[in-house]
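# Coordinate analysis (summary)
One-letter residues, chain by chain:
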There are 2 protein chains.
Amino acid sequence: MRRAITLENRVQRKVSEDTLNKYNYRSFQTTEIGHPDIQRVAPKVHVTTGDNKVVESLRDVVKKTVHDGMTISFHHHFRNGDFVFNQVMEIILDEGIKDLTLAPSSLTGVMNDAVIEAIKAGTITHITSSGMRGSLGEFVSHGGLKNPVIFRSHGNRARAIEHGDIKIDVAFLGVPNADRLGNANGMKGDAVFGSLGYALMDAQYADKVVLVTDNIVDYPNTPASIKQTQVDYVVKVKQVGDPDKIGSDATRFTKDPKELKIAKTVNDVIVNSNYFKEGFSFQTGSGGAALAVTRYLRKAMIDNQITASFALGGITKPTTDLLKEGLVKKVMDVQDFDKGAADAMQSEENQQEIDASWYADPDNKGAMVDQLDVAILSALEIDTNFNVNVMSGSDGVIRGAIGGHQDAGTAKLTIISAPLVRGRIATVVPQVTTVVTPGDSIDVLVTEYGIAINPKRKDLIGQLNNIPGVPVYSIEELQKMAEHKVGTPEPLEFTDRTVALIEYRDGTLIDTIKEVKD
Amino acid sequence: MRRAITLENRVQRKVSEDTLNKYNYRSFQTTEIGHPDIQRVAPKVHVTTGDNKVVESLRDVVKKTVHDGMTISFHHHFRNGDFVFNQVMEIILDEGIKDLTLAPSSLTGVMNDAVIEAIKAGTITHITSSGMRGSLGEFVSHGGLKNPVIFRSHGNRARAIEHGDIKIDVAFLGVPNADRLGNANGMKGDAVFGSLGYALMDAQYADKVVLVTDNIVDYPNTPASIKQTQVDYVVKVKQVGDPDKIGSDATRFTKDPKELKIAKTVNDVIVNSNYFKEGFSFQTGSGGAALAVTRYLRKAMIDNQITASFALGGITKPTTDLLKEGLVKKVMDVQDFDKGAADAMQSEENQQEIDASWYADPDNKGAMVDQLDVAILSALEIDTNFNVNVMSGSDGVIRGAIGGHQDAGTAKLTIISAPLVRGRIATVVPQVTTVVTPGDSIDVLVTEYGIAINPKRKDLIGQLNNIPGVPVYSIEELQKMAEHKVGTPEPLEFTDRTVALIEYRDGTLIDTIKEVKD
């Protein structure tokens, strides 16, 4: 038997050479992307000259396009209001198609049952996604899928598609409107979700593109986020999504005093940093705490007469409200987390839809995230090397998504906003269960007890050391405080089997997730 | 010596097998594109992560990017107001770079001197373009360039780029605005031209993209017709174009009674055809007669309470006025011929910028031209097989451009609008000097004396036979009428040398142009 050498990469993870060889990976080394020359790939186009691509039978299209061994994709812009994934998967299962690679932009809870059934049937044998949660995370963590899932950030998925690491044979893309030839956008109709940012990659690079919609509009449909030149079929279905479930659950401002404290402190950190100046840029993400940060930031911008050049990423209504107020000049929008933001996309000239490549592909002639001053990100765990886990729970089970975490980590000031402990579980730990975003990317941790500054950011210490009511600790001190509160958990037990591979955004392997022991 | 077999293709041109073999072409056979599977190509991307691509020295950028033997490109959206081409070519000449292929979207008169100088210096050895006129046409027609020029329509250029037949190493793209990373559009600034339709191909497919602008705007610039992900350098120059020369010369309504007669008859043909109904679509092109057609059409639409679903192609102010009046629902805009149309692009939500591929690439999942009901096109000559020449004069000299002629010829009703004779020169001839658009594409010829209907369009005869004041002739009768007026010209004399190859839009060879005998 071959000797298993383990290499410690820059984030102190032991990834065996066997694992690297087996899955053909280089080990993560650095957050610096460098200046490689990248030969992009391109789709194979089946020339169409008819004047109507609308078909009534999704089954016919699936039978014509999907064959054993192919890679199929979906987007997750409908989130838990998605009616497309399950309809397509039901037909694929029914037709007995096998050995598919599932390559969606992400997987939401509403898809879980169908994915598990398809895995059990041998219909899905490979998965790459931004994340997974709930029953599917449990299933995979307990060894339910033979081949490890590959988790990629949104920017890394764009990179992988543009490199050919992900070669999509057929993309099924749900849209709230399309004309008879496939010109479509996410802005009009019943099931509006706003930006098609992630799906634009699939539309551009998949060999076959199938639009699914409940709303055929007059030709030619504009604005055409997806263009007729990219689309093979337009399938008319009864309902493409549930409008009430498209918006994120967490679009209300938090009333939790701990979350408010953290949000206020995040704002204090931003405002006291040298980055808070006319023309700064930021990404806040979603969730109640993020919305609260946006509210504090709004006041600070007004008080200091500062406007932002742009807000980036997944967008919420409080951010589009800043645009309407003139406090933010541009909103660069790869997805919308709520109906308010989605509706604004249609009416606001300065809210620009961007695709995932423009948002965050590291192998680009410049992505938006490279220009980001401030990013506020979450964490399930953060360790004393500032490495962040947003993928596996403290029980080792997959229950998260990389999203844009690694990507926005390129910001000049990357702030992790997280409670010191959650219930009886420490957030600040000696070593994260899974490294998703390397500590090199993280500048400040904000908890309800105080902040920790990454020691490599000596410049920030002077800026943030004397904020009233914001004590500065070392990350080790915060970790000890957390440990003091909740004690030291039993070490997790895993088998040797790899159930998931975590790529860094450049396509190197930053960590693996092992099967949990029952 | 090898025997020169000549093959008569579908347009009755004698293209020798030697010529086909020498230049690696298939002979034109049919206007039907069919349903081939096309492997698209993609650029090589040099990864950039800096936050400023603006450089002051165009020379430095040329030296870094352009090397012997490369293919370089430009767009012609500035028309005769272009200040980019000559600046770049002066540096290229000065640096002694040799053996370049010049692959602009088209060549305008203001570029002629520099091209001729560069050919003489051995700097330019190959050219592909939509057309050429004036001194450059004379120069090439008299054998000034060793290798034959390849003329391609706008749709065919898109096809050739997407296939890899044209592989652009460096694209120099002038824009009236850009931010520090290369987000740019044609809509704001001093030298506004509106749609960047042709240039979008270069931005997407060239390995290196150099923007040239006199107007650096705040980051991030939106709408981003060209995106930072596509751009390597942004060169700041003093002036990128002359606003007064960007607009077409022929944007005023004609007062010439002959042109007005033809325009009125074109309108009569449209209105009496079965295509004139609610939701019809049209492309009129530019020039005084086209503008007059639009004026007549406007009245007919109002009188008949008919609105058009879209107007397509190169756009003029009379067309955007129809949009504003609600008579046209969408304007699908690949270029703007005048300032009125360019300005409207910024203000009109329903004026959509489209790239040349979406406009007219035949090897697509459906281009806009495939959906076109009515196209009005011009002709230098049209022959008794309805073949049209828009490229060479009656003296055999190159003095035209294919433009979108072959592309819009796919319309369901393609009308050639042309005077029977021009001065002492017949327009309707027994055989055109150069076949650009095959007779199979042409449905009706409109002259000031009457119309001719392509005999293959028996359905049209019933529709158009009884229009008051519009006599219907056979094309042969019209040809005889022309001959009767101006006599039979001496046959042109050419040498055996091929100076230009005319591709059909599918990339086959439809005709050649020979060197004129002095």
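You'll find chain A entered in an unreviewed UniProt entry as Citrate lyase alpha chain, with Pediococcus acidilactici DSM 20284 given as the organism. Heading Subcellular location (unreviewed entry) of the UniProt record for chain A holds this comment: "Cytoplasm".

### Examining the overall build of chain A
Along the backbone of chain A there are 16 helices and 30 strands. Here chain A has a C-alpha radius of gyration of 22 Å; the compact-globule value for 518 residues is 24 Å, and the two agree. Principal axes of the C-alpha set define a box for chain A whose edges measure 70 × 65 × 45 Å. Residue pairs at least 24 apart in sequence account for 73% of intrachain contacts in chain A once pairs closer than 6 positions are excluded. On chain A, roughly 18600 Å² of surface is accessible, and the fraction owed to carbon and sulfur atoms is 47%.

### Description of the relation of the copies chain B and chain A
The transformation that overlays chain B on chain A combines an axial shift of 0.0 Å with a rotation of 180°, and the residual RMSD is 0.0 Å. Both copies are brought into coincidence by an operation consistent with a two-fold rotation axis. No C-alpha of chain B lies nearer the rotation axis than that of Ala42 of chain B, which sits 2.7 Å from it. When you check the interface residues of chain B against chain A, 100% turn up at the interface there too, and the contact is symmetric in its surfaces.

### Re the sheet that holds strand β8 (residues 124–129) of chain B
Residue and element names in this part refer to chain B. Across the sheet, 10 strands lie side by side as β5-β13-β12-β11-β6-β7-β8-β10-β29-β30; this open sheet has mixed pairing. The sheet is open, and its two borders are formed by β5 (54–55) and β30 (509–516), each paired with just one other strand. Strand direction decides the pairing type here: strand β6 (residues 71–73) and strand β7 (residues 100–102), joined by two bridges, are parallel. Within β7, the residue paired with Thr71 across the bridge is Thr101.

### Examining the pattern of salt bridges
The full count for this structure, using the stated rule, is 46 salt bridges over all chains. The shortest N-O distance in the salt bridge between Arg399 of chain A and Asp395 of chain A comes to 2.6 Å. Residue classification places Arg399 of chain A among the partly exposed positions, given a relative accessible area of 34%. Residue Asp395 of chain A is classed as partly exposed on the basis of its relative accessible area of 34%. The salt bridge partner of Arg159 of chain B is Glu503 of chain B, with a shortest N-O separation of 3.7 Å. Note that Arg159 of chain B is positioned in helix α6 (residues 154–163) and Glu503 of chain B in strand β29 (residues 494–503), a separation of 344 residues in sequence. According to the relative accessible area criterion, Glu503 of chain B is buried, its value standing at 2%. Via salt bridges that share partners, Arg152, Arg159, Asp165 and Glu503 of chain A belong to a single interconnected network.

### Describing the interface of chain B and chain A
Taken residue by residue, the interface counts 61 residues in chain B and 61 residues in chain A. Both sides of the chain B and chain A interface together cover about 4800 Å² of buried area, and 51% of this is carbon and sulfur. At the boundary of chain B with chain A, the tally comes to 38 residue pairs in polar contact (both at pLDDT 80 or more). Those elements that place two or more of their residues in the side of chain B that touches chain A are β3 (37–39), β4 (44–46), β12 (208–213), β15 (308–315), β16 (328–336) and α13 (356–360) of chain B. Residues that form the side of chain B that touches chain A fall into these classes: 22 nonpolar, 21 polar and 18 charged.

### Here we look at helix α11 (residues 317–325) of chain B
Residues and elements named next belong to chain B. Buried within α11 we find Pro318, Thr319, Thr320, Leu322 and Leu323. Where the residues of α11 are buried, they touch β14 (280–283), α10 (288–304), β15, β16, α12 (339–347) and β17 (351–353). Positive backbone phi, approximately 85°, marks Gly326, located one or two places after α11.

### So, the sheet that holds strand β25 (residues 428–429) of chain A
By definition, the strands of a sheet pair up through backbone hydrogen bonds, in either a parallel or an antiparallel sense. All names here are of chain A. If you walk across this open sheet you meet the three strands as β20-β19-β25, and the pairing is mixed. The open sheet is flanked by β20 (388–389) and β25, the only strands paired with a single partner. Relative to β20, strand β19 (residues 381–383) runs antiparallel, the two sharing two bridges. Following the sheet pairing, Ile382 is matched in β20 by Val388.

### Regarding the packing of α10 of chain B against α11 of chain B
Residues and elements named next belong to chain B. Where α10 contacts α11, the two axes come as close as 9 Å, and the packing angle between them is 20°. Judged by the inter-axis angle, α10 sits roughly parallel to α11. Read as a crossing pair, α10 and α11 show a hand that is right-handed. Together, Leu291, Thr294, Arg298 and Ile302 of α10 and Pro318, Thr319, Leu322 and Glu325 of α11 make up the contact between the two elements. Across the contact of α10 with α11, the residue classes tally to four nonpolar, two polar and two charged.

### Things to note about the side chain of Lys365 of chain B
By the element assignment, Lys365 of chain B lies in the loop between α13 and β18 (374–377). Relative accessible area serves as the criterion here: at 2%, Lys365 of chain B is assigned to the buried category. A polar contact of 2.6 Å, which involves the side chain of Lys365 of chain B, links it to the side chain of Asp232 of chain A.

### What about the pairing of β8 of chain B?
All names here are of chain B. For β8, the buried fraction is high: five of the six residues fall into the buried class. Judged from the three bridges that link them, β7 and β8 form a sheet pairing that is parallel. Across the sheet, the residue bridging to Thr101 is His126, located in β8. Each parallel crossover has a hand, and the one from β7 via helix α4 (residues 112–120) to β8 is right-handed. Here β8 pairs with strand β10 (residues 149–151) via two bridges, running parallel. The residue of β10 that forms the bridge with Thr128 is Ile150.

### Points about unusual backbone geometry
Residue and element names in this part refer to chain B. In the segment running from Tyr219 into Pro220, the intervening peptide bond is cis, with an omega of -5°. Residue position: Pro220 is located in the loop between β12 and β13 (233–236). The omega torsion of the bond from Thr222 to Pro223 falls at -10°, within 30 degrees of zero and hence cis. Mapped onto the fold, Pro223 is located in the loop between β12 and β13. Phi is positive for Gln305, close to 50°, though the residue is something other than glycine. Within the secondary structure, Gln305 sits in the loop between α10 and β15.

### Points about the side chain of Arg505 of chain A
Residue and element names in this part refer to chain A. With respect to the secondary-structure elements, Arg505 resides in the loop between β29 (494–503) and β30 (509–516). For Arg505, a relative accessible area of 1% corresponds to the buried category. When neighbours within four sequence positions are excluded, Arg505 is seen to be in contact with Ile33, Ser153, Asn156, Arg159, Ala360, Pro362, Val369, Gln406, Asp407 and Thr410.

Calculation criteria
All residue numbers here refer to positions counted from 1 along the written sequence of the relevant chain. For this description, chains carry letters from A and ligands carry numbers from 1, given in the order in which they are written. Reporting in this predicted model follows two pLDDT cut-offs: at least 70 for local features of residues, and 80 or more for side-chain atom pairs to be given and counted; totals over whole chains, interfaces and linings ignore these cut-offs and use all residues. Water and hydrogen atoms were dropped before computing side-chain values, which therefore reflect all heavy atoms in the structure. UniProt positions are given in the numbering used here, feature names are shortened, and annotations may be inferred rather than shown by experiment. Put simply, DSSP H or I for four residues or longer makes a helix, DSSP E for two residues or longer makes a strand, and each gets a number counted from the N terminus. Two things to know: the radius of gyration comes from C-alpha atoms, and the globule rule equals 2.2 Å times the number of residues to the power 0.38. Contacts are assigned to residue pairs with any non-hydrogen atoms lying within 4.5 Å of each other. All accessibility values rest on the Shrake-Rupley procedure with a 1.4 Å probe; residue burial counts only the protein chains present in the view. A residue counts toward the fit only if its pLDDT is at least 70 in both copies, and the copies are then superposed by least squares on the C-alpha atoms of those residues. Two strands are said to pair when DSSP picks up at least two bridges between them. Take a side-chain nitrogen of Lys or Arg and a carboxyl oxygen of Asp or Glu: if they are within 4 Å of each other, that pair is a salt bridge. In this scheme, a residue with accessible area under 20% of its type's maximum is buried, one over 50% is exposed, and one in between is partly exposed, where area comes from a 1.4 Å probe on protein chains only. Accessible surface is computed with a 1.4 Å probe, and the buried area is the amount of it that two parts give up when combined, taken over both parts together. Contacts described as polar in this section are N or O atom pairs within 3.5 Å, which, within protein, must combine one atom able to donate a hydrogen with one able to accept it, while residues neighboring in sequence count only if both atoms come from side chains. Charged means Asp, Glu, Lys or Arg here, nonpolar means Ala, Val, Leu, Ile, Met, Phe, Trp, Tyr, Cys or Pro, and polar covers whatever is left, Gly included. Orientation is described by axes fitted as lines to C-alpha atoms, over the contacting stretch for helices, and by angles from 0 to 180 degrees between their N-to-C directions. Note on terminology: angles under 35 degrees are roughly parallel, angles over 145 are roughly antiparallel, angles of 65 to 115 are roughly perpendicular, and the others are oblique. Helix crossings are classified by the rotation of the near helix relative to the far one: an anticlockwise turn of less than a right angle makes the crossing left-handed, while a clockwise turn makes it right-handed. Here is how to tell: hold the view so the strands point away, follow the path from the first strand over the helix to the second, and if it runs clockwise the crossover is right-handed.

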